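Overview (structure and organization)
Here is what each chain is made of, one letter per residue.
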Amino acid sequence: MAKYQLLLPKMGESVAEATIIKWLKKPGDYVEADEAVMEIATDKVDSEVPSPVAGKLTEQLCTEDDVVQVGSVIAVIETEAAEEPAKPETPVAPAPSEIQQPVSTETYKAPEVAVATPEPVIAIPGIEQLPKAEPVQNTVALNDSIRFYSPLVRSIAVQEGIGAAELEQVSGTGAEGRLTKDDLLEYIKNRATNNGHTQYTQPSQQKAVPTSPSPVYEPKPEAAKAAVSVSGGDEIIEMDRMRRLIADHMVMSKQTSPHVTSFVEADVTNLVLWREKIKNSFEKREGQKITFTPIFIEAVARAIKEMPMINVSVNGTQIIKKKNINISMATALPNGNLIVPVIKQADELNLIGLTKAVNDLANRARNGKLLPDDVKDGTFTITNVGSFGNVMGTPIINQPQVAILAVGAIKKKPAVIETKEGDMIAIRHMMFLSLSYDHRVVDGALGGSFVRKVADYLENWDLNRDI
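Remember, predicted model here, so these are calculated numbers, not experimental data.

Parameters at a glance
- Residues numbered from 1 in each chain as written.
- Predicted model: local features only at pLDDT ≥ 70, side-chain atom pairs only at ≥ 80, totals over all residues.
- Heavy atoms only, no water.
- Helix = DSSP H or I, 4+ residues; strand = E, 2+ residues; numbered from the N terminus.
- Contact = heavy atoms within 4.5 Å.
- Areas by Shrake-Rupley, 256 points an atom, 1.4 Å probe, with all protein chains shown as cover.
- Core = buried A, V, L, I, M, F, W, Y, C linked by side-chain atoms within 4.5 Å.
- Buried < 20%, exposed > 50% of the residue type's maximum accessible area, 1.4 Å probe, protein only.
- Salt bridge = Lys/Arg side-chain N within 4 Å of Asp/Glu carboxyl O.
- Phe/Tyr/Trp six-rings, centres within 6.5 Å; stacked < 30°, edge-to-face > 60°.
- Lys NZ or Arg CZ within 6 Å of the ring centre and 35° of its normal.
- Axes fitted to C-alpha atoms, helices over the stretch in contact; angles between N-to-C directions.
- Parallel < 35°, antiparallel > 145°, perpendicular 65-115°, else oblique.
- Pairing = 2+ DSSP bridges.
- Lys, Arg positive; Asp, Glu negative; His and termini not counted.
- Polar contact = N/O pair within 3.5 Å; in protein donor to acceptor, adjacent residues only side chain to side chain.

Secondary structure assignment for the protein yields 14 helices and 19 strands. In the protein, the share of contacts with a sequence separation of at least 24, taken over all contacts with a separation of at least 6, comes to 62%. Carbon together with sulfur atoms contributes 53% to the accessible area of the protein, which is approximately 26400 Å² in total.

Structure (structure tokens):
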């Protein structure tokens, strides 16, 4: 019998960790090849982890709600294959001492081995053996802690010999009072100056040191909860995981980017009449319903081609100009949450291709069938607030993008139109477009001109266009 170590698979370049939602198999259960073993959740999308081999699940190396890094061993499966004879011979064959290093990868499963190397950094004369005993105890204590710590914060704490009780005293400046890497490093620096005594525990001292503006989350979570008044008839609803992620992402976006919003009203009468004329024949021919969303995406992609500096992201003082035009489309889910699947290289698709891509992503989003790759690498976002009857909105930028377009409801209105006989008042189909953009890199001239360019494409729609 051979033991296969099941790893948490890579789920896209931007996904480094995942949360275990539910184990679908228990120790002792037989697992077929490609059968799902567990359900996981990332900050992008929920998915299942299949087993590439068939065998009996013998060990679960993580529990539900654990945050696990990509590439970590999450389970052990006993297969019917024979043990490979070459494996035990590997450490014996190489003679040079420098080849002995790869052998240590087999012992990486034990946390105490992985964190043993930082000892020289924190060694204190007379107590050199103390760090060896603390990492294992601290790892267990951190896993049992109620407070959330990211894998990076946990790793630093273990390496520095900081226990759970001490870590609880460190004030966090992250979302909802979470402890960030910078918070912990600042604490460790002050801890070292006090000769290892944990005197640096007061939040007021920590916030007085930086010269940068104070974080938005000034009060600790406990203080915020104490200030809330709940009467007997009120209902308390705990946020689900996706809602917490959305909340954190929205607050982070407002803290990161100075938001400015520009508005344009567009006369889309020709567009409405054209869609009304072709929608039945299009559905009969293509088996797809054509909505306004792919039309808006086409207009945005064309405008980005002419104004590529709206298709950028910011990295410190660097502006990263994106080569691909990947349009994210905000999609409401049946449970009230929001997800943003991405149409890759939208400028290379015709209107038929865009229609099929929009319908496919929207259907899979509502049925929970999106893959991690479906929601990554977006460069610009469109949100259709008109689908809820709203005429306009001021959307929050989908980081790390720098702009998001909200399209409002199309309404019939009396409007002034220019004719050969002079100005006239007529009933027209009108809508508002609102563009929120990051004022660090997008000024009013670019933001205002871009949303006007999108409106121009929609207003000048060809009534006789073939599709």
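Formed by 59 residues in total, the largest nonpolar core has its most connected members in F380 and F450. Sorting elements by how many residues they give to this core places helix α12 (residues 293-306) first, with eight residues. In this structure, I20, V37, M38 and I77 belong to the second largest nonpolar core, which totals 16 residues.

Under the defined criterion, the tally for this structure stands at 16 salt bridges. Put simply, K305 and D347 hold a salt bridge, and the shortest N to O gap is 3.1 Å. Of this pair, K305 sits in helix α12 while D347 sits in the loop between β15 (342-343) and α13 (351-366), placing them 42 residues apart in sequence. Across the pair E459 and R452 runs a salt bridge, and its minimum N-O distance is 3.1 Å. Taking relative accessible area as the criterion, E459 reaches 25% and is therefore assigned partly exposed. Overall, R452 belongs to the partly exposed group, its relative accessible area being 30%. Members of the salt-bridge network, linked through shared partners, are R285, E286 and K356.

Within a pair of aromatic rings, the relevant descriptors are the distance that separates the centres and the angle that separates the planes. Under the defined criterion, the tally for this structure stands at three aromatic pairs. For the pair F292 and F296, a centre-to-centre distance of 6.1 Å together with 20 degrees between the ring planes defines the contact as stacked. The pair formed by F292 and F296 is uniform in burial state, with each residue classed as buried. Positioned over the ring face of F292 is R275, at 4.7 Å from the centre of the ring.

Two numbers describe a pair of packed helices, the interaxial angle and the distance between the axes. Contact pair helix α11 (residues 269-286) / α13: the axes reach a minimum separation of 13 Å and the direction vectors enclose 75 degrees. Relative to α13, α11 is oriented roughly perpendicular. Contacts between α11 and α13 involve W274, F282, R285 and E286 from the former and L351, I352, T355 and K356 from the latter.

This paragraph deals with the pairing of strand β18 (residues 411-419). When β18 meets strand β19 (residues 422-438), the two strands line up antiparallel, connected through nine bridges. Counterpart to K411 in the pairing with β19 is M430. Linking β18 back to β19 in an antiparallel pair, the connection comprises two residues.

A few words now on the side chain of E78. Within the secondary structure, E78 sits in strand β8 (residues 73-79). Buried E78, no salt bridge; nearest opposite-charge side chain is K56, N-O distance 4.4 Å.

Here the focus is the sheet that holds strand β2 (residues 17-23). With respect to topology, four strands assemble into an open sheet ordered β5-β4-β2-β7, the strand pairing being antiparallel. A single partner strand is all that each edge strand has here, and the edge strands are β5 (46-50) and β7 (67-69). For this sheet, the mean angle separating the axes of adjacent strands, direction not counted, is 45 degrees. In this structure, β2 lies alongside β7, joined through three bridges in antiparallel fashion. Considered in β7, the bridge of T19 is made with V67.

The next point concerns the sheet that holds strand β1 (residues 2-7). Strand order across the open sheet formed by four strands is β1-β8-β6-β3, with antiparallel pairing between neighbours. Of all the strands in the sheet, the pair left with one neighbour each is β1 and β3 (30-31). Sheet analysis places strand β6 (residues 55-60) next to β8, joined by four bridges and oriented antiparallel. Residue pairing across strands places K56 opposite E78, the latter belonging to β8.

Turning to the side chain of Q399, a few remarks are in order. As for its placement among the helices and strands, Q399 is situated in the loop between β16 (380-384) and β17 (403-407). Accessibility expressed as a relative area gives 12% for Q399, which makes it buried. Polar contacts involving the side chain of Q399 include one to the side chain of S253, which spans 3.1 Å. Discounting chain neighbours no more than four positions away, the residues touching Q399 are H249, M252, S253, T256 and S257.

Once that is clear, we can look at the environment of P308. Structurally, the position occupied by P308 is in the loop between α12 and β10 (312-315). C-alpha separation for the pair P308 and K323, spaced 15 residues apart in sequence, amounts to 8.9 Å.

In this structure, P400 follows Q399 across a cis peptide bond, with omega equal to 5 degrees. In this structure, P400 sits in the loop between β16 and β17. The phi dihedral of D65 is positive, around 80 degrees, even though this residue is not glycine. Looking at the element boundaries, D65 is found in the loop between β6 and β7. What makes D65 exposed here is its relative accessible area of 62%.

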